[in-house]
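Spelled out, the chains give:
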Amino acid sequence: MDLASKTKQYKWVNQYFQSINQLPAGQLRDKIYYLRAKITYNQGRFLEARKLFLQIGSNNVYGARAQYFLGVIALQTQSKEQSIPAATTRLLTAIRMLSPKKAKKLRDITLLSL
């Protein structure tokens, strides 16, 4: 998957993801959804990526990452008036899910970018 991101060759990855949609809910499924969403995001398909990030549970390691990307996608796809409150909500949710050290780093990045 890293290779697909670096080479911008996504066709085989998309086919692979289509074949694993039948996984039951859980950490493995969330990891695969996260990787799929991130690759879709890197392809510039933000609305599709948003749908995938929304399917990731909030009670595991990928939940905070998904919230972060949902905030970034809001900034990229909505008007300024809509995007800032939406992104702030998502980023604050991500911050609450992280360890104090990681939360501080994300909070600092968020304040600089907004």
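Cut-off values and rules
Residues numbered from 1 in each chain as written. Predicted model: local features only at pLDDT ≥ 70, side-chain atom pairs only at ≥ 80, totals over all residues. Heavy atoms only, no water. Helix = DSSP H or I, 4+ residues; strand = E, 2+ residues; numbered from the N terminus. Contact = heavy atoms within 4.5 Å. Areas by Shrake-Rupley, 256 points an atom, 1.4 Å probe, with all protein chains shown as cover. Phe/Tyr/Trp six-rings, centres within 6.5 Å; stacked < 30°, edge-to-face > 60°. Lys NZ or Arg CZ within 6 Å of the ring centre and 35° of its normal. Salt bridge = Lys/Arg side-chain N within 4 Å of Asp/Glu carboxyl O. Buried < 20%, exposed > 50% of the residue type's maximum accessible area, 1.4 Å probe, protein only. Core = buried A, V, L, I, M, F, W, Y, C linked by side-chain atoms within 4.5 Å.

Some thoughts on the overall build of the protein
Piece 1. Along its length, the protein carries seven helices and zero strands.
Piece 2. If you list the helices and strands of the protein from N to C, you get α-α-α-α-α-α-α.
Piece 3. Of the contacts made within the protein by residues no fewer than 6 positions apart, 43% connect residues no fewer than 24 positions apart.
Piece 4. Here the protein has roughly 7,400 Å² of accessible surface; of this, 56% comes from carbon and sulfur atoms.

A look at the packing of aromatic side chains
Piece 1. Counted under the stated rule, the structure contains seven aromatic pairs.
Piece 2. Sitting over the face of the ring of tyrosine 34, arginine 65 holds its NZ or CZ atom 5.7 Å from the ring centroid.

Re the pattern of salt bridges
Piece 1. Counted under the stated rule, the structure contains two salt bridges.
Piece 2. Among the salt bridges present, the one from arginine 45 reaches glutamate 48, with a minimum N-O distance of 2.8 Å.
Piece 3. Classification of glutamate 48 as partly exposed rests on a relative accessible area of 41%.
Piece 4. We note a salt bridge from lysine 104 to aspartate 108, for which the minimum N-O separation is 2.9 Å. With a gap of four residues between them, lysine 104 and aspartate 108 both fall in helix 7 (residues 100-113), about one helical turn apart.
Piece 5. Judged by relative accessible area, which is 51%, lysine 104 ranks as exposed.

Points about the nonpolar core
Piece 1. Ranked by size, the top nonpolar core spans 14 residues in total, and within it Tyr34, Tyr41, Ala49, Phe53, Ile56, Phe69 and Ile73 carry the most contacts.
Piece 2. Those elements that provide at least two residues to this core are helix 3 (27-42), helix 4 (46-54) and helix 5 (61-77).
Piece 3. Of the residues forming this core, the biggest block, six residues, is contributed by helix 5.
Piece 4. Apart from the residues lying within four places of it in its own chain, the contact partners of tyrosine 34 are Phe53, Ile56, Tyr62, Arg65 and Phe69.
Piece 5. Listed in part, the five residues of the second largest apolar core include Ala64, Ala94, Ile95 and Ala103.

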